[in-house]
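Residue-level structure breakdown
So you can see what is in the structure, the chains are spelled out below.
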Amino acid sequence: MRALLFLSLILSAPAVAAPIKVGWRFANTVQGYQHDNRVDVYVDGNKVLQSTVKSEAKPNKLKLDLKPGPHQVRFVNLALYDGNWEEHTVENDYSVDCIWEIDVPDVHPKSIDLVCDIDAEATYTLK
């Protein structure tokens, strides 16, 4: 009887997804223009995380916990310029928009790699 009760509790418990490893880096930066930066993470329109701060010269990472199911995830890179945080966008006089909007499927990836290439564009890879 106990085994049956235990099994029914396990089967009725909500599934918990493993954390997704998210890493990002900048490519083709110019020395002297490598700002401190961070990434704000939005899931289904709600801000859920803010990363640590590092120079654009160094890669950074965070762990993202998502509930089971598909989600729309938005990663927004912000640069610290003259004491103010601003989105790393062309509108703010940067050479490329460093914003990634990703539809994460039901089966979550183990990792998301974000690249902000100053000479090209922002790209990502799901693994």
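Right, let's walk through the structure included here. (Residues numbered from 1 in each chain as written. Predicted model: local features only at pLDDT ≥ 70, side-chain atom pairs only at ≥ 80, totals over all residues. Heavy atoms only, no water.)

1. Section: the layout of surface pockets
- Empty space within the largest pocket amounts to approximately 250 Å³.
- If you go around the largest pocket, you meet 13 residues; those closest to its centre are Tyr33, His35, Asp93, Tyr94 and Ser95.
- Across the lining of the largest pocket, the residue classes break down as 5 nonpolar, 5 polar and 3 charged. (1 Å grid on protein atoms, 1.4 Å probe; cavity = no way out; pocket = protein on both sides within 12 Å on 5 of 7 lines; lining within 4 Å. Points joined across faces, edges and corners; volume = space filled by probe spheres on them. Nonpolar A, V, L, I, M, F, W, Y, C, P; charged D, E, K, R; others polar.)

2. Thoughts on the packing of aromatic side chains
- Per the counting criterion, the structure on display carries 0 aromatic pairs.
- A cation over a ring is seen here: Arg38 above Trp85, with NZ or CZ 4.7 Å from the ring centre. (Phe/Tyr/Trp six-rings, centres within 6.5 Å; stacked < 30°, edge-to-face > 60°. Lys NZ or Arg CZ within 6 Å of the ring centre and 35° of its normal.)

3. Overview of a positive patch on the surface
- Taken together, Lys21, Lys54, Lys58, Lys61 and Lys63 make up a surface patch of like positive charges.
- Looking at the secondary structure, you find Lys21 in strand S1 (residues 20-27).
- Since its relative accessible area comes to 56%, Lys21 is described here as exposed. (Patch = residues over 30% accessible without salt bridge, like charges linked within 9 Å, V, L, I, M, F, W, Y side chains within 5 Å. Areas by Shrake-Rupley, 256 points an atom, 1.4 Å probe, with all protein chains shown as cover. Salt bridge = Lys/Arg side-chain N within 4 Å of Asp/Glu carboxyl O. Lys, Arg positive; Asp, Glu negative; His and termini not counted. Charge placed at Lys NZ, Arg CZ, Asp CG, Glu CD. Helix = DSSP H or I, 4+ residues; strand = E, 2+ residues; numbered from the N terminus. Buried < 20%, exposed > 50% of the residue type's maximum accessible area, 1.4 Å probe, protein only.)

4. A look at the state of the cysteines
- The tally for this structure, following the rule as stated, stands at 1 disulfide.
- A disulfide bridge connects Cys98 with Cys116, and the sulfur atoms are separated by 1.6 Å. Taken as a pair, Cys98 in the loop between strand S7 (84-87) and strand S8 (99-104) and Cys116 in strand S9 (residues 111-117) lie far apart in primary sequence, 18 residues in all.
- Here Cys98 falls in the buried class, since its relative accessible area comes to 0%. (Disulfide = S-S within 2.5 Å.)

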